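# Structural description and commentary
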Amino acid sequence: MRHAPVVVHRIFPSGGRQVTLRTSNGEESLGLARSDEDVIEFLRRAGMPDPDDVVLGGAELLDWEWDTPHVYEADPPTDDLP
């Protein structure tokens, strides 16, 4: 099974998603993204060519774990408060 080199992890309850780069030594943290622009900047700093294309259309290079791609905020609780 092949894994994409970039992983955008599940949304933290407080918002944002950890972004990691898979390397031959494991995973390297690139930062906490709160938008697609953050992910693009992390990839640019990591030296990835055409980071805009990777985030906006490079499904083979990017794994969006658990949550909907391009979403960075947790859903508010749906419990009714008294």
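As a reminder, the structure under discussion sits directly above these lines.
Another aspect to go through is the overall build of the protein chain. Each helix and strand counted, the protein chain has two helices and four strands in total. Along the protein chain, helices and strands appear, N-terminal first, in the series β-β-β-α-α-β. Here the protein chain, with 82 residues, has 35% of them falling under the buried criterion. Counting only contacts in the protein chain whose residues sit at least 6 apart along the sequence, the fraction spanning at least 24 positions is 42%.

Now for the packing of aromatic side chains. Evaluated as defined, the whole model comprises one aromatic pair. Centroid distance Trp-64 to Tyr-72: 6.3 Å. Interplanar angle 70°. Geometry classified as edge-to-face. Residue placement shows Arg-10 over the ring face of Trp-66; its charged tip is 4.0 Å from the ring centre.

So, on to helix 1 (residues 36–45). Burial in helix 1 covers these residues: Asp-36, Val-39, Ile-40, Phe-42 and Leu-43. For helix 1, the buried positions fall inside an angular range of 160° around the axis, keeping them on one side. Turned more than 90 degrees away from the buried face of helix 1 sit Glu-37 and Arg-45, all of them exposed. Where helix 1 is buried, its residues meet strand 1 (6–11), strand 2 (17–23), strand 3 (26–33), helix 2 (51–57) and strand 4 (62–64). Trailing helix 1 by a residue or two, Gly-47 shows a phi angle of about 90°, which is positive.

Let's shift gears to the nonpolar core. Among the nonpolar cores identified, the biggest contains 16 residues, and Val-6, Val-19, Val-39 and Leu-43 are the most heavily contacted of them. Put simply, the parts of the chain that give this core at least two residues each are strand 1, strand 2, strand 3, helix 1, helix 2 and strand 4. Counting residues per element, this core draws most heavily on helix 1, at four residues. Residues within four places of Leu-43 in sequence aside, it is in contact with Val-6, Leu-30, Met-48, Pro-51, Val-54 and Val-55.

In a beta sheet, neighbouring strands are held together by backbone hydrogen bonds and run either parallel or antiparallel to one another. One open sheet accounts for four strands, arranged 3-2-1-4; its pairing is mixed. Each having just a single partner strand, strand 3 and strand 4 make up the two edges of the open sheet. Taking each pair of neighbouring strands and ignoring which way they run, the sheet shows an average axis angle of 20°. Helix-sheet contacts for helix 1 involve strand 1, strand 2, strand 3 and strand 4, and the interaxial angle to strand 3 is about 140°.

Each value, and the rule that gives it
Residues numbered from 1 in each chain as written. Predicted model: local features only at pLDDT ≥ 70, side-chain atom pairs only at ≥ 80, totals over all residues. Heavy atoms only, no water. Helix = DSSP H or I, 4+ residues; strand = E, 2+ residues; numbered from the N terminus. Buried < 20%, exposed > 50% of the residue type's maximum accessible area, 1.4 Å probe, protein only. Contact = heavy atoms within 4.5 Å. Phe/Tyr/Trp six-rings, centres within 6.5 Å; stacked < 30°, edge-to-face > 60°. Lys NZ or Arg CZ within 6 Å of the ring centre and 35° of its normal. Arc of directions from axis to C-beta. Core = buried A, V, L, I, M, F, W, Y, C linked by side-chain atoms within 4.5 Å. Pairing = 2+ DSSP bridges. Axes fitted to C-alpha atoms, helices over the stretch in contact; angles between N-to-C directions.

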